[in-house]
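Below, each chain spelled out in residue letters.
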Amino acid sequence: MSKKGTSYRLLPSIAGGVMACVLGVALCACESVSCPLNNTVESVYGFYAALYDDNGQLVKDQGISIGDTLNVTLLGPDSIIANRVTNQSGVNLPVSFYEDTDVIEFALTDTLSRVGRDTLWIHKRNTHHWDDPSCPVHMWHQVLGVRSTHHLIDTVLVTNPQINYDGLENFQIYFRIAE
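Here's what I pulled together on the structure shown here.

The rules behind the values
- Residues numbered from 1 in each chain as written.
- Predicted model: local features only at pLDDT ≥ 70, side-chain atom pairs only at ≥ 80, totals over all residues.
- Heavy atoms only, no water.
- Helix = DSSP H or I, 4+ residues; strand = E, 2+ residues; numbered from the N terminus.
- Buried < 20%, exposed > 50% of the residue type's maximum accessible area, 1.4 Å probe, protein only.
- Contact = heavy atoms within 4.5 Å.
- Core = buried A, V, L, I, M, F, W, Y, C linked by side-chain atoms within 4.5 Å.
- Phe/Tyr/Trp six-rings, centres within 6.5 Å; stacked < 30°, edge-to-face > 60°.
- Lys NZ or Arg CZ within 6 Å of the ring centre and 35° of its normal.

What to know about the side chain of threonine 73
Then, number 1: Positionally, threonine 73 belongs in strand S4 (residues 69-74).
Then, number 2: The class of threonine 73 is buried, set by a relative accessible area of 16%.
Then, number 3: Excluding residues within four positions of it along the chain, threonine 73 makes contact with Asp78, Ser79, Ile80, Ile81, Val103, Ile104 and Glu105.

Let's talk about the nonpolar core
Then, number 1: Core analysis: the largest hydrophobic core is formed by 25 residues, its most contacted members being Tyr45, Phe47, Phe106 and Ile173.
Then, number 2: Counting residues per element, the ones that place at least two in this core are strand S1 (42-49), S4, strand S5 (79-85), strand S6 (90-94), strand S7 (101-109), strand S8 (115-129), strand S10 (153-158) and strand S12 (171-175).
Then, number 3: The contact partners of isoleucine 173, leaving out residues within four places of it in the chain, are Tyr45, Gly46, Phe47, Tyr48, Phe106, Leu120, Ile153, Thr155 and Val156.

A closer look at the packing of aromatic side chains
Then, number 1: What the rule picks out here adds up to six aromatic pairs.
Then, number 2: Centre to centre, the rings of phenylalanine 47 and phenylalanine 175 are 5.5 Å apart; their planes meet at 75 degrees, and the pair counts as edge-to-face. Residue phenylalanine 47 is located in strand S1, and its partner phenylalanine 175 is located in strand S12; the two are separated by 128 residues in the primary sequence. This pair shows no difference in class: phenylalanine 47 is buried, exactly as phenylalanine 175 is.
Then, number 3: Ring geometry for phenylalanine 97 versus tyrosine 98: centroids 5.9 Å apart, planes at 70 degrees, classification edge-to-face.
Then, number 4: Judged by its relative accessible area of 47%, phenylalanine 97 is partly exposed.
Then, number 5: Grouping aromatic residues by their ring pairs yields a cluster made of Tyr45, Phe106 and Phe171.
Then, number 6: Against the face of tryptophan 121 rests arginine 147, its NZ or CZ located 4.1 Å from the ring centre.

Right under this line is the structure:
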C-alpha cells in the first residue's frame with residue numbers, strides 16, 4: 001500500500017540497471033590484445049670510419065656522419081628505400097618479406113656531383129612471427145651472411161643477425177674516408 005502523495009522513483013533504478021548491463025556487456029566483449037605498438041621490422045645500419053691501428057686491425061666503433069647525399073635502392077624491383085639522406089650516422093631500411101637475398105645499392109653523391117656506388121648482398125632466413133593470435137603476422141629475418149663491393153665500403157660487420165622490431169643495430173658499414 002502506498003500513501004497518498006508519495007511518489008516512487010523507478011526511472012533512476014531502471015536506468016542504473018540498464019547502464020550496469022551495458023557496461024558489463026562492453027567489458028565482456030573487449031578482448032585483451034597484446035599487439036605491440038612499435039612493430040615496424042627494419043634493418044638498422046650504422047656508419048663508421050674504416051680506420052686501422054698500427055697492427056693493421058680495424059678500429060671499431062669510430063662512428064661517422066655521412067656528409068654526402070645517400071640514396072639506397074633495393075635492386076631487383078628497383079625501389080628507392082632511402083632518398084637524399086644527408087648528415088646521418090646510420091639509416092633504417094625495410095627488408096623484403098620472402099626473398100632469401102636482398103640486393104641493396106648504396107649511392108653516395110658528393111658536392112661535385114660525383115657518384116660512388118657499392119652493392120650489398122644480405123643473405124637471410126625469413127620467419128613468420130605472431131605476437132598474439134589477434135595481431136597481424138610480421139616477418140622476422142635472421143642474417144646468414146653479407147658481402148659487398150668495395151668502392152666506398154671497406155668492411156661490413158653483422159652486429160645483430162636478428163632483424164625484428166627491437167631497433168638494435170644489425171650492420172656496421174665501415175666507409176673508406178678521405179684523409
